Amino acid sequence: MMRFVVTGTDTGIGKTVFSAALAAALEGYYWKPVQSGLEDETDSQTVSRLGCLPPERILPEAYRLRTPASPHMAARLDHVAITPEALEPPAMDAPLVIEGAGGLLVPLTDSQVFADVFARWQIPVILCARTGLGTINHTLLSLEALRSRCIPVFGVAFIGEEQAETQRIIAAMGQVRVLGRLPRLDPLTPESLLQAFRDHFPVSSFKERMA
Ligand SMILES: Nc1ncnc2c1ncn2[C@@H]1O[C@H](COP(=O)(O)OP(=O)(O)OP(=O)(O)O)[C@@H](O)[C@H]1O
Ligand SMILES: [Mg+2]
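Just so you know, these numbers come straight off a predicted model, no measurement behind them.

### Details of the environment of Cys-128
Here Cys-128 shows up in strand β7 (residues 125–130). Residue class for Cys-128 comes out buried when judged on its relative accessible area of 0%. Distance in space between the C-alpha atoms of Cys-128 and Lys-15 is 6.2 Å, their sequence separation being 113 residues. Setting aside chain neighbours within four positions, we find Cys-128 in contact with Val-6, Thr-7, Gly-8, Thr-9, Ile-13, Lys-15, Phe-18, Ala-157 and Ile-159.

Dropping the structure here:
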């Protein structure tokens, strides 16, 4: 089974855009287990639009929470109890891209964070990281959090303009494979995204088994 968890060093760094490109390039499915915030376009809708994924390749969210906040808080406001133990990726033969919310230590409940769920799943994680200022610290912290929970790390996907030294030191100190770098795209369209993904990420590397 080819499955990836896409997480990031922070919220708003481009996980959904990257997930749309990856799901499109792999001709796979997309699943956002917990969506917080329903007023603007949801992540599933963005992936459908940017990845040109037909509706059947977007799996329904397990939790749809109204408030754009940490899931533990959004759930409380909606009087919903999240049961992290019950979150289970659907089994399927086709590639599946799963997007977390925010970063690894975002709480789902008062006692569990997203990383606890990823540790149980043991699905290879792709860490999306900005190339800009502050990213070295955030990326190395996220890698520590993954490794301290024995979560398999597939690699880092950079998002932003080329910063060669930043990318080098993260790969070296984080002992992590760099999958590629998605530049900021203007305009960001389904066509420009898929082309940029193909130009910057060898699709074959996602099809290799983990080292
Ligand atoms: N490569 C890119 N080129 C241009 N714009 C981008 C790119 N990546 C992300 N963006 C823009 O940055 C914003 C945040 O991106 P995105 O929604 O993918 O972040 P996220 O990490 O999924 O956030 P969240 O934690 O809320 O799920 C969006 O407006 C998106 O269009
Ligand atoms: Mg997102």
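Now that the structure has been shown, the text picks up again.
### Overview of the coordination of the magnesium ion (ligand 2)
For the magnesium ion (ligand 2), the full set of protein donor atoms is Thr-16 (OG1), Asp-43 (OD) and Glu-99 (OE), and the range of their distances to it is 2.0 to 2.2 Å. Read from N- to C-terminus, the donor residues coordinating the magnesium ion (ligand 2) fall into the pattern T-x26-D-x55-E. Of this pair, Thr-16 sits in helix α1 (residues 15–25) while Glu-99 sits in strand β6 (residues 96–99); the two residues are 83 residues apart in sequence, bridging distant segments of the chain. According to the relative accessible area criterion, Thr-16 is buried, its value standing at 11%.

### Comments concerning the side chain of Glu-61
Following the sequence through the fold, Glu-61 ends up in the loop between β4 (58–59) and β5 (63–65). Judged by its relative accessible area of 14%, Glu-61 is buried. Side-chain polar atoms of Glu-61 contact the side chain of Ser-44, separated by 3.3 Å. Those residues in contact with Glu-61 that sit more than four places away from it in its chain are Trp-31, Lys-32, Pro-33, Gln-35, Thr-42 and Ser-44.

### Quick look at the state of the cysteines
Disulfides are covalent bonds that connect the sulfur atoms of two cysteines. Taken as a whole and assessed by the stated rule, the structure comprises 0 disulfides. Unpaired in this structure, Cys-52 has its nearest cysteine sulfur neighbour in Cys-128, at a distance of 19 Å. Note on Cys-52: relative accessible area 54%, which makes it exposed.

### Looking at the site of ligand 1
Taken together, the neighbourhood of ligand 1 is formed by 16 residues, with Thr-11, Gly-12, Lys-15, Thr-16 and Leu-185 sitting nearest. At 3.0 Å from an oxygen atom of ligand 1 is found a main-chain nitrogen or oxygen belonging to Gly-14. Take Pro-183: an N or O atom from its main chain is 3.0 Å from a nitrogen atom of ligand 1. The protein chains hide 73% of the 630 Å² of surface that ligand 1 would expose on its own. Counting residues per element, the shell around ligand 1 draws most heavily on α1, at 3 residues. Grouping the constituent residues of the shell around ligand 1 by class yields 6 nonpolar, 5 polar and 5 charged.

### Thoughts on the nonpolar core
Of all hydrophobic cores here, the largest spans 36 residues; its most connected members are Val-34 and Trp-121. Breaking this core down by element, the ones donating at least two residues are β5, α3 (71–77), β6, α4 (114–121), β7, α5 (135–148) and β8 (153–159). By residue number, the principal contributor to this core is α4, which donates 5 residues. Residues in contact with Trp-121, not counting those within four places in the same chain, are Val-5, Trp-31, Pro-33, Leu-87, Glu-88, Pro-89 and Ile-98. The next biggest cluster of nonpolar side chains, apart from the first, holds 30 residues, and it includes Tyr-30, Ile-159, Leu-193 and Phe-206.

### A closer look at the layout of surface pockets
Here the largest pocket defines a volume of roughly 510 Å³. In terms of lining, the largest pocket is formed by 25 residues, of which the most central are Thr-11, Lys-32, Gln-35, Ser-36 and Asp-43. Listed by contribution, the elements that provide at least two residues to the lining of the largest pocket are α1 and β3 (34–36). Ranked by residue count, the leading element in the lining of the largest pocket is β3, at 3 residues.

Rules used in this analysis
- Residues numbered from 1 in each chain as written.
- Chains lettered and ligands numbered in written order.
- Predicted model: local features only at pLDDT ≥ 70, side-chain atom pairs only at ≥ 80, totals over all residues.
- Heavy atoms only, no water.
- Helix = DSSP H or I, 4+ residues; strand = E, 2+ residues; numbered from the N terminus.
- Buried < 20%, exposed > 50% of the residue type's maximum accessible area, 1.4 Å probe, protein only.
- Contact = heavy atoms within 4.5 Å.
- Donors = N, O, S within 2.8 Å, 3.2 Å for Na, K, Ca; no water.
- Polar contact = N/O pair within 3.5 Å; in protein donor to acceptor, adjacent residues only side chain to side chain.
- Disulfide = S-S within 2.5 Å.
- Near = heavy atom within 4 Å.
- Areas by Shrake-Rupley, 256 points an atom, 1.4 Å probe, with all protein chains shown as cover.
- Nonpolar A, V, L, I, M, F, W, Y, C, P; charged D, E, K, R; others polar.
- Core = buried A, V, L, I, M, F, W, Y, C linked by side-chain atoms within 4.5 Å.
- 1 Å grid on protein atoms, 1.4 Å probe; cavity = no way out; pocket = protein on both sides within 12 Å on 5 of 7 lines; lining within 4 Å.
- Points joined across faces, edges and corners; volume = space filled by probe spheres on them.

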